[in-house]
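Here are the chains, one letter per residue:
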Amino acid sequence: MDNHDQLRSDLLSRIADADLGRLEELRVEALGRKGAISEMMRGLGALPGDQRKDAGQALNALKTEIASAIDARHAMLSSAGLEARLATETIDITLPSRPHADGRIHPISQTIDEMVAIFCEMGFRVAEGPHIEDDFHNFTALNIPPEHPARQDHDTFYLTETEDGARPVLRTHTSPVQVRTMQTSEPPIRIVVPGRTFRADHDATHSPMFHQIEGLVVDENTHMGHLKGCLTEFWRAFFGMDDLPVRFRPSFFPFTEPSAEVDIGCSREGGGLKIGGSDWLEILGCGMIHPRVLENCGIDSSRYQGFAFGLGIERAAMLKYGIPDLRTFYESDLRWLKHYGFPALAQPTIAGGLTP
Ligand code: DAH
C-alpha cells in the first residue's frame, strides 16, 4: 500500500470509531490547514509534471471522501444522540401530578367549579355555546325583538356586518345557550351554562368581559315551586349556610313570565358586607320561561314549561371570598393569584367539601 491508501484506510477506520468530540479532532487532523491531506497536497509541487495531475486528482477525491465520511458519521451520531435523549426523557403522563405544584386555580374557575358541582348534584348537566352569536339567538328568540328597549341595556359589541347583512354580536349573556339547547334537544332538559359574556361597559364594577352561569329546566310539570326550591338550596350550599335567608321579588325579563329577582340575607353593619343577616342583597334573575321563547325554539308550550335563571360569577366570587375590586380578576397579578387562588388539586364536590 502506498502512503495514500494507508492514510485513507487509517482515517476511515478512525472515523468509524469516533464519537462526536473525536470526530471534530479528526476533521482538523485530516482536512485542516495543517492536516495530513493538506500536507500531501503541498508535497505535489515536488513531483514531476506528468505525475502531478493524477496525484492531485487522487488527493482531491480522498479529501471529498473523508469529508463526506465525517459528515455521515456526524449525522448518524447526532440522530442517535437525539433518539437516546428522547428515550430517557419520556414523561409518564399516567403518573399523578406532584402535590407541591405551585400553580393556583383562579377564583373565577374555582367559583364555576363549585357552582357546577352543586347543580350537577341536583341533576343538571353542563352545556356550552359560542361567544360570537347571531341576533336571533342573543335577542330575538329570547323575546327581545329589534325595537325592544332591553337591547339598549345590553351595551352590545357588534362585529363587522357579514355579506348577507347580518351583524354578529359578542354574546351579552349566557341566555342564547338556552335557545341552542332547546333547539337541539328534547325535554326533559336540565342544564347550566357557565361562560364568558361581553358588554361595552367598563368601570370599577363593570368589565367588558365577565362571566355568567345560566340555568334552564324544561319539563312537563315544572313550576315556580321547583324554581324557588332549586335556587334557595343552591345559594345555601354555595355559601355553606343552611339558614341563609333567600327571598324572591317580582321583576321583569323579556324571556320569563313571571320573572323574579333573588335576594340573599346580608349585613352591612360597620360599613362591610357580610353574607347572612336581615338586610337584602340582589344576586340573581330568574323566572318561568316565556311561552313565546319555548315556541321560538320549537318546543310545544302547551305541553312543556320550565324555569331559567342567570347570575354573575364575579359578583358571587367577590361576595364569597371577600374580593373587593372587580378589576383585579383580570390583571394577571401573580401576587393576587397567590393570595386569592386555590390549590390546584382540591376539586370542589358536595361530599368532599366545596371550599378548600
Ligand atoms: N340574561 C340576564 C342578564 O344577563 C340574566 C337572566 C335573568 C337570565 C333571568 C335568565 C333569567 O335566564 O331567567 O341580565
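Reading the values: rules and limits
Residues numbered from 1 in each chain as written. Predicted model: local features only at pLDDT ≥ 70, side-chain atom pairs only at ≥ 80, totals over all residues. Heavy atoms only, no water. Helix = DSSP H or I, 4+ residues; strand = E, 2+ residues; numbered from the N terminus. Buried < 20%, exposed > 50% of the residue type's maximum accessible area, 1.4 Å probe, protein only. Contact = heavy atoms within 4.5 Å. Near = heavy atom within 4 Å. Polar contact = N/O pair within 3.5 Å; in protein donor to acceptor, adjacent residues only side chain to side chain. Areas by Shrake-Rupley, 256 points an atom, 1.4 Å probe, with all protein chains shown as cover. 1 Å grid on protein atoms, 1.4 Å probe; cavity = no way out; pocket = protein on both sides within 12 Å on 5 of 7 lines; lining within 4 Å. Sits in = over half its atoms within 2 Å of the grid points. Nonpolar A, V, L, I, M, F, W, Y, C, P; charged D, E, K, R; others polar. Axes fitted to C-alpha atoms, helices over the stretch in contact; angles between N-to-C directions. Parallel < 35°, antiparallel > 145°, perpendicular 65-115°, else oblique. Pairing = 2+ DSSP bridges. Domains from an automatic or database assignment. Salt bridge = Lys/Arg side-chain N within 4 Å of Asp/Glu carboxyl O. Phe/Tyr/Trp six-rings, centres within 6.5 Å; stacked < 30°, edge-to-face > 60°. Lys NZ or Arg CZ within 6 Å of the ring centre and 35° of its normal.

Chemist: Sorry, what's going on with the overall build of the protein here?
Modeler: The secondary structure content of the protein amounts to 12 helices and 12 strands. Considered along the principal axes of its C-alpha atoms, the protein spans approximately 115 × 55 × 40 Å. Scored against the burial criterion, the 356 residues of the protein give a buried share of 40%. Sequence-distant contacts in the protein: of pairs separated by 6 or more residues, those separated by 24 or more amount to 64%.

Chemist: When you look at the site of the ligand in this model, what are you seeing that I'm missing?
Modeler: In the neighbourhood of the ligand, 15 residues make up the surrounding shell, with His 173, Gln 178, Arg 199, Gln 212 and Glu 214 lying closest. The contact in question runs from an oxygen atom of the ligand to an N or O atom on the side chain of Gln 212, over 2.9 Å. Protein contacts shield 90% of the accessible area of the ligand, which totals 360 Å² for the unbound molecule. Cavity membership is defined here by more than half of the atoms lying within 2 Å of grid points; on that basis the ligand lies in the largest pocket. Every element with two or more residues in the shell around the ligand is listed here: strand E6 (209-219), strand E10 (279-289) and strand E11 (305-312). Along the lines of polarity and charge, the residues of the shell around the ligand split into 5 nonpolar, 8 polar and 2 charged.

Chemist: I would appreciate a short explanation of the packing of helix H9 (residues 224-239) against helix H11 (residues 313-321) in the present structure.
Modeler: A packed helix pair is summarised by two numbers, namely the angle formed by the two axes and the spacing between the axes. Running from N to C, H9 and H11 cross one another at 45°; their axes reach a closest spacing of 11 Å. Between H9 and H11, the angle falls in the class oblique. Listed contacts from H11 to Trp 235, Phe 238 and Phe 239 of H9 are Ala 316, Leu 319 and Lys 320.

Chemist: What should I look at first to understand the pairing of E6 in this one?
Modeler: Each regular strand displays side chains that alternate between the two surfaces of the sheet. With 10 of its 11 residues buried, E6 lies for the most part within the structure. Relative to E11, E6 is paired through 8 bridges, and the arrangement is antiparallel. Each bridged residue has a counterpart across the sheet, and for Val 217 the counterpart in E11 is Phe 307.

Chemist: What is the right way to look at the domain arrangement of the protein in this model?
Modeler: The parts lose accessible area when they come together, and the size of an interface is often stated as this lost area. Segmenting the protein into domains produces domain 1 (2-88) and domain 2 (107-346). For domain 1 versus domain 2, the separation of C-alpha centres amounts to 75 Å.

Chemist: Teacher, can you tell me more about the side chain of Asn 143 here?
Modeler: Within the element layout of this structure, Asn 143 appears in the loop between helix H6 (135-138) and helix H7 (150-153). Since its relative accessible area comes to 12%, Asn 143 is described here as buried. Beyond its immediate sequence surroundings of up to four residues, Asn 143 is in contact with His 148, Pro 254, His 290, Arg 292, Val 293 and Asn 296.

Chemist: What is the right way to look at the pattern of salt bridges in this model?
Modeler: When their charged atoms lie close together, side chains carrying opposite charge are able to pair. Scanning the entire structure with this criterion turns up 18 salt bridges. As a salt-bridge pair, Arg 42 and Glu 39 come within 3.0 Å of each other at their nearest N and O atoms. Of this pair, Arg 42 and Glu 39 are both found in helix H3 (residues 36-43), 3 residues apart, which corresponds to roughly one turn of the helix. Accessibility expressed as a relative area gives 51% for Arg 42, which makes it exposed. Among the charged side chains, a salt-bridge network with shared partners connects Asp 10, Arg 14, Arg 22, Glu 25 and Glu 29.

Chemist: Looking at this structure, how should I read the packing of aromatic side chains?
Modeler: Each aromatic ring pair is described using two quantities: the centre-to-centre distance and the angle formed by the ring planes. A complete count under the given rule lists 15 aromatic pairs for this structure. With 5.3 Å between their ring centres and 25° between their planes, Phe 119 and Phe 309 make a pair best called stacked. Of this pair, Phe 119 sits in helix H5 (residues 107-121) while Phe 309 sits in strand E11; the two residues are 190 residues apart in sequence, bridging distant segments of the chain. Phe 309 gets classed as buried once you look at its relative accessible area, which sits at 1%. Considering the side-chain rings of Phe 329 and Tyr 330, the 6.2 Å spacing of their centres and the 50° angle between planes classify their relative orientation as tilted. A relative accessible area of 26% places Tyr 330 in the partly exposed class. Each residue in the set Phe 119, Phe 124, Phe 234, Trp 235, Phe 238, Phe 239, Phe 307 and Phe 309 is aromatic and connected to the rest through ring pairs, giving one cluster. Taking the ring centre of Tyr 158 as reference, the NZ or CZ of Arg 167 above it sits at 4.0 Å. Sitting over the face of the ring of Phe 238, Lys 320 holds its NZ or CZ atom 4.4 Å from the ring centroid.

Chemist: Honestly, the pairing of E10 in this entry has me stumped. Any pointers?
Modeler: Extensive coverage of E10 is indicated by the burial of 8 of its 11 residues. By the bridge criterion, 9 bridges tie strand E8 (residues 256-267) to E10 in an arrangement that is antiparallel. When the bridges of E10 are listed, Glu 261 appears paired with Gly 285. Relative to E11, E10 runs antiparallel, the two being bridged by 4 bridges. Paired with Met 288 across the two strands is Phe 307, which belongs to E11.

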